[in-house]
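# Analysis of the macromolecular model
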Amino acid sequence: MVSRILLIYTGGTIGMIRSDEGYVPTKGFESLLRQRLEAAMPSDNFEFDYVEFEELIDSANIQPYHWTALAELIRHNYRNYAGFVVLHGTDTMAFTASALSFMLRGLDKPVILTGSQIPLTELRNDAKDNLITAMLLARDYPIHEVCLYFNGRLMRGNRTTKANATGFEAFDSPNFPDLGQVGIDIHLQQQPLPPTRQMLSAPLFEPHAVVALKLFPGISADFVSRVLADARIRAFVMSSFGVGNMPHQNKALVAALTDASQRGVVIVNITQCMRGRVSQETYATGRVLHDAGVVSGADMTFEAAFTKLHVLLAETPHPEQVRQQVAQNLCGELSLPH
Ligand code: ASP
């Protein structure tokens, strides 16, 4: 049994230092990290290896090819480690956690993303606890999925969203219970995943294939048509009002969505609300979307819908198959209605 874990630093506040331009990530975070860990866990003899991205990024710069690189790194090292901890900036951590969950379906060991709101170099920080707890969870606990650990909460990765820009409780899992709470003791809850064969894949993504926008009062058909006219676009995540409603009196907008859908653009409807789910059958303002071929995104987060579409488009060129799959619960990212 291997008990060594692999720590992957991608960039982000946790390993940043102050510079004239503000906080920036720096190469060589490993030595500081080992120093701090040795001071914190002298007797534990924690065995881990460390790799960092060639180019460390503020996660605001994340791109789909970074997800491929991360999945490839984990896939390549999968057998050699008990678990993986990915240190990542908080801004887009929920996107990366979601993307990895779809690429690493059927995991049988933990992949845990974490980071911090204050760098490890600062005297007062949330980095140390997030780091150490994520490492212990990855080494010692029976977790079989991609999770995000932050501020005492272990959450299913593809259910998370960044909910607080400045507080230590940066993440929330609005539509799904936490997988674990960390206080004096660590308590894990069983939240079963749908059965799936193991498929650790690192697809190449088309970076411009998925776009997104939020409906807003006064949105014009013209604006939406111009966005969707780009031939590279294969899927569109539309954040709608309430349980999945749109301004249906705008017939030109309905026509623009119907037209895009008929051209093979997969349109997924998610709610702008923080909690709850899309139900396109409830109101006439949602029914038109169903009739236009728009797929309900149920209770998926924006991050899950967006990254799921990237992964599905990389798996099949057929829009109908993507529509069918996007509505399924592939790895715990959505709840089907009872
Ligand atoms: N801008 C930073 C990043 O996402 C914020 C953080 O890490 O907390 O990389």
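Above this text sits the structure in question.
Report on the accompanying structure. All figures in this text were calculated on a predicted structure; none of them were measured in a lab. (Residues numbered from 1 in each chain as written. Predicted model: local features only at pLDDT ≥ 70, side-chain atom pairs only at ≥ 80, totals over all residues. Heavy atoms only, no water.)

### Looking at unusual backbone geometry
For asparagine 151, which is not a glycine, the phi torsion comes out positive at approximately 50 degrees. With respect to the helices and strands, asparagine 151 occurs in the loop between strand E8 (146-150) and strand E9 (153-156). Asparagine 151 gets classed as partly exposed once you look at its relative accessible area, which sits at 34%. The backbone of alanine 298 shows a phi angle near 50 degrees, a positive value even though the residue is not glycine. (Helix = DSSP H or I, 4+ residues; strand = E, 2+ residues; numbered from the N terminus. Buried < 20%, exposed > 50% of the residue type's maximum accessible area, 1.4 Å probe, protein only.)

### Structural notes on helix H3 (residues 93-103)
Of all the 11 residues making up H3, 11 are buried; the element is thus mostly covered by neighbouring parts of the structure. Buried within H3 we find Met93, Ala94, Phe95, Thr96, Ala97, Ser98, Ala99, Leu100, Ser101, Phe102 and Met103.

### Observations concerning the environment of serine 220
Tracing the sequence through the fold places serine 220 in the loop between strand E15 (210-214) and helix H5 (221-228). Each C-alpha atom of the pair serine 220 and serine 31 lies 54 Å from the other, and the pair is 189 residues apart in sequence. Those residues in contact with serine 220 that lie beyond four places of it in its chain are Asn250 and Leu253. A distance of 3.1 Å separates a polar atom in the side chain of serine 220 from the backbone nitrogen of phenylalanine 223. (Contact = heavy atoms within 4.5 Å. Polar contact = N/O pair within 3.5 Å; in protein donor to acceptor, adjacent residues only side chain to side chain.)

### As for the packing of H5 against helix H6 (residues 251-262)
Remark: H5 packs on H6, axes separated minimally by 8 Å, with the N-to-C direction vectors making an angle of 15 degrees. It follows that H5 is roughly parallel to H6 by the angle criterion. In this structure, H5 meets H6 at a crossing whose hand is left-handed. In this structure, H5 contributes Ala221, Val224, Ser225 and Leu228 to the contact, and H6 contributes Ala252, Leu253, Ala256, Leu257 and Ala260. Taken together, the residues that form the contact of H5 with H6 break down as 8 nonpolar, 1 polar and no charged. (Axes fitted to C-alpha atoms, helices over the stretch in contact; angles between N-to-C directions. Parallel < 35°, antiparallel > 145°, perpendicular 65-115°, else oblique. Left-handed = near helix turned anticlockwise from the far one by under 90°. Nonpolar A, V, L, I, M, F, W, Y, C, P; charged D, E, K, R; others polar.)

### Side note on the pattern of salt bridges
With the rule as written, the count across this model stands at 22 salt bridges. Linking glutamate 122 and arginine 18 is a salt bridge whose minimum nitrogen-to-oxygen distance equals 3.0 Å. Of this pair, glutamate 122 sits in the loop between strand E7 (111-114) and helix H4 (127-140) while arginine 18 is found in the loop between strand E2 (16-17) and strand E3 (24-25), placing the two residues 104 residues apart along the sequence. On the basis of relative accessible area, glutamate 122 is assigned to the buried category, the value being 18%. (Salt bridge = Lys/Arg side-chain N within 4 Å of Asp/Glu carboxyl O.)

### Here we look at the sheet that holds strand E17 (residues 266-271)
Strand order in the open sheet formed by 4 strands is E15-E16-E17-E18, with parallel pairing between adjacent strands. For this open sheet the edge positions go to E15 and strand E18 (295-296), each flanked by a neighbour on one side alone. (Pairing = 2+ DSSP bridges.)

### Re the pairing of E8
Regular strands place their side chains on alternate faces of the sheet. Taking burial as the measure, the 5 residues of E8 include 5 buried ones, the bulk of the element. Burial along E8 is two-sided: the residues Val146, Leu148 and Phe150 and Cys147 and Tyr149 are all buried. As defined by bridge partners, E7 adjoins E8 across 3 bridges and the pair is classed as parallel. Paired with valine 111 across the strands is valine 146, a residue of E8. Each parallel crossover has a hand, and for E7 linked through H4 to E8 it is left-handed. One ladder, built from 4 bridges, connects E8 with E9; its direction is antiparallel. Counterpart to tyrosine 149 in the pairing with E9 is leucine 154. (Right-handed = clockwise from strand over helix to strand, strands pointing away.)

### Concerning the site of the ligand
As a structural note, the neighbourhood of the ligand is formed by Gly12, Thr13, Met16, Asp58, Ser59, Gly89, Thr90, Asp91, Ser116 and Gln117. One nitrogen or oxygen atom from the main chain of serine 116 is found 3.2 Å from an oxygen atom belonging to the ligand. Summarising the interface, the protein chains cover 90% of the accessible area of the ligand, which totals 270 Å² for the free molecule. Looking at side-chain class alone, the shell around the ligand contains 1 nonpolar, 7 polar and 2 charged residues. (Near = heavy atom within 4 Å. Areas by Shrake-Rupley, 256 points an atom, 1.4 Å probe, with all protein chains shown as cover.)

### Some thoughts on the side chain of glutamate 145
Following the sequence through the fold, glutamate 145 ends up in the loop between H4 and E8. Within polar-contact distance, the side chain of glutamate 145 engages the side chain of arginine 156 at 2.6 Å. Apart from residues no more than four positions distant in its own chain, glutamate 145 is found in contact with Leu107, Lys109, Pro110, Val111, Arg156, Leu179, Gln191 and Leu193.

### Focus: the side chain of glutamate 333
Mapped onto the elements of the fold, glutamate 333 is located in the segment after helix H9 (319-326). One polar contact links glutamate 333 to lysine 308, side chain to side chain, over a distance of 2.6 Å. Among the polar contacts made by the side chain of glutamate 333, one reaches the main-chain amide nitrogen of cysteine 331 at a distance of 2.7 Å. Sequence-distant contacts of glutamate 333, defined by excluding residues within four places in its chain, comprise Phe102, Asn158, Arg159, Asp299, Met300, Ala304, Lys308 and Gln328.

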